[in-house]
Amino acid sequence: MKLLVPVKRVIDYNVKPRVKADGTGVDLANVKMSMNPFDEIAVEEAIRLKEKGAASEIVAVSIGPAKAQETLRTALAMGADRAILVQTEDAVEPLAVAKILAAIAKEEQPGMVILGKQAIDDDANQTGQMLAALLGWGQGTFASKVEVDGEQVNVTREVDGGLETVRLKLPAIVTTDLRLNEPRYASLPNIMKAKSKPLASKTPADYGVETAPRLQTLSVREPSKREAGIKVNSVDELIDRLRTAGVVG
Amino acid sequence: MIALVLVEHEGGHLKDATLSAVTAAAKLGEVHALVAGEGVGAVAEAAAKIAGVARVHVADGGAYAHQLAENVAPVAVAIVNDHCDYFVAAATTTGKNVAPRVAALLDVMQVSDVIAIEGPDTFVRPIYAGNAIATVKSSDAKKVLTVRGTAFEKAAAEGGSGVVEPYAGGGDAGLSSFVGAEIAASERPELTSAKIIVSGGRALGSSDAFHQYIEPLADKLGAAVGASRAAVDAGYVPNDYQVGQTGKIVAPECYVAIGISGAIQHLAGMKDSKLIVAINKDEEAPIFQVADLGLVGDLFKIVPELTEKL
């Protein structure tokens, strides 16, 4: 079974995003960019399925600027077999991303598409579910365990309050949550090897997808600042303050 | 304008998140509710009583028993196409699972995690884990939203007199089935709806210490127990305790952070709490920059004293 793993180039999760002074967005100039952490987990899961013999080939896909190539090379260095870059300098919304991925899935015929549950820039948490809808496939979102069983896959999901397991007919969509695995670091030899793995370059038009945004961003601002309060000097003082605030009786 | 709200329920009871979603939907127009499940007559009656709900559509049958997105989404799409302008779901794991599927089937770009409604097509939502707040305008004819429960008051659970009508059609899409669930059985309140949360961080040093120090204080306060990502990564508690950018976003009346330094990603998950209390031995810890009440000192001495004196 072939696995398709979409990956997104986003601001590194250790960097504090700064809102642009003109309120048009977040300043990404000269900021460290990395693979979306949830997508790293998706790549790792695909590699583990291949290592277990449940998958034969891993195709990484990224939709984004030319520099998203670096993200794809990271996926290849981790262990993906080949990559597709759908290059566009425009911001592409999850719905359009899902449409492009659906077109690629129709071409590539993967048994599963494994992707991060959300990207840490727009925090939309939509692409996987939308892709599942467009393809008419089942969806195992927020996965903490993935077990392929013949023509089906059991996905354990992180839900509010605990875990839930669903059984999906293949082909299916899986979106990853944090506990699914711990992604490996690419070794230096594998980083070198990744440079010669195949990377195809495409555009959204190649897949007949219109990427004009449906949502217009009117403004982006800093969240309201929280003023630091006071330091208390003892547990007794803390309890007094909590009583005054009505937190404890 | 009519807004269809996805009703969340468990064990025959409405979930609080639905009441917040109804408040958000009421700002957009007349509120209709969708109850999908098996044997959900009582839930439908309860939904009809929510103040502001005009109609309740009930999809009752085995295919909807576990609210699988593959089976619920087509029902929502059919109702929205028939007579609604909005589909609104709470930004819970259930809402986040179903809503984008509905959006894609309607060919609509969803607006996720809405924290304010500024007009019929204009919404405010956090991006970059709350480090930036975006105002967006949707150009789609029908709109799909998930709304953050902590940003909208709960609608009154009584006082409404909605009309209940069964939905015929739909069924099992044959794509998925429910295998089982392990829902943590806890006497404590759920993190996302708790009035008080006591959270522990890496400074606890071990799983034993976490249980020994954090839980008695939480129980004394009737609080839910949370944790920082560092504490989860260190294996002190399971992942569903995690508060932060990648865990649960909470905004209780009072949040007590114990031995938590206050990494960006943790602050993103709790900084909208009404009252923040921080206990940490490092007086330079970033958590004190957002705390209303800070106490610098050794948590292993302070926490037992606090628990005893409360």
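Everything below is about the structure printed above this text.
Residues numbered from 1 in each chain as written. Chains lettered and ligands numbered in written order. Predicted model: local features only at pLDDT ≥ 70, side-chain atom pairs only at ≥ 80, totals over all residues. Heavy atoms only, no water.

## Notes on the overall build of chain B
At step 1: Helices and strands together make up the secondary structure of chain B, namely eight helices and 18 strands.
At step 2: Its C-alpha atoms give chain B a radius of gyration of 21 Å, near enough to 19 Å, the size a compact globule of 310 residues would have.
At step 3: Referenced to the eigenvectors of the C-alpha coordinate spread, the extents of chain B come out at roughly 60 × 40 × 40 Å.
At step 4: For chain B, buried positions account for 58% of its 310 residues.
At step 5: Put simply, chain B shows about 11,300 Å² of open surface, and 49% of that area lies on carbon and sulfur atoms.
At step 6: Treating the 23 positive side-chain charges of chain B as one cloud and the 36 negative ones as another, the clouds have centres 4 Å apart. (Helix = DSSP H or I, 4+ residues; strand = E, 2+ residues; numbered from the N terminus. Rg over C-alpha atoms; globule rule 2.2 N^0.38 Å. Buried < 20%, exposed > 50% of the residue type's maximum accessible area, 1.4 Å probe, protein only. Areas by Shrake-Rupley, 256 points an atom, 1.4 Å probe, with all protein chains shown as cover. Lys, Arg positive; Asp, Glu negative; His and termini not counted. Charge placed at Lys NZ, Arg CZ, Asp CG, Glu CD.)

## Considerations on the pattern of salt bridges
At step 1: On inspection of all chains with the given rule, the structure shows 29 salt bridges over all chains.
At step 2: With a shortest N-O distance of 2.6 Å, Arg214 of chain A and Asp140 of chain B are connected by a salt bridge. Residue Arg214 of chain A is located in the loop between β11 (199-202) and β12 (215-221), and its partner Asp140 of chain B is located in the loop between β10 (132-138) and β11 (143-147); the two belong to separate chains.
At step 3: By relative accessible area, Asp140 of chain B is classed as buried at 7%.
At step 4: Across the pair Arg229 of chain B and Asp233 of chain B runs a salt bridge whose closest N-O atoms are separated by 3.3 Å. With Arg229 of chain B and Asp233 of chain B both in helix α6 (residues 229-233) and four residues apart, this pair spans about one turn of that helix.
At step 5: Counted as one network, the salt bridges with shared partners bring together Lys2, Glu57, Arg82 and Glu108 of chain A. (Salt bridge = Lys/Arg side-chain N within 4 Å of Asp/Glu carboxyl O.)

## Some words on the interface of chain B and chain A
At step 1: Residue-level contacts link 81 residues of chain B with 75 residues of chain A.
At step 2: Here chain B packs against chain A, burying approximately 6,600 Å² in sum over the two surfaces, 57% of which is carbon and sulfur.
At step 3: On the chain B side of the interface with chain A, the three residues burying the most area are Thr93, Met109 and Tyr128 of chain B, jointly 12% of the side's total.
At step 4: Our enumeration of links across chain B and chain A arrives at five salt bridges.
At step 5: Lys309 of chain B is the partner of Asp236 of chain A in a salt bridge, and the nearest nitrogen-oxygen pair spans 3.0 Å.
At step 6: Residues of the side of chain B that touches chain A, tallied by class, amount to 40 nonpolar, 22 polar and 19 charged.
At step 7: Note that strand β9 (residues 162-169) of chain A and strand β13 (residues 176-183) of chain B share seven bridges and pair antiparallel. (Contact = heavy atoms within 4.5 Å. Buried area = accessible area lost by both parts, 1.4 Å probe. Nonpolar A, V, L, I, M, F, W, Y, C, P; charged D, E, K, R; others polar. Pairing = 2+ DSSP bridges.)

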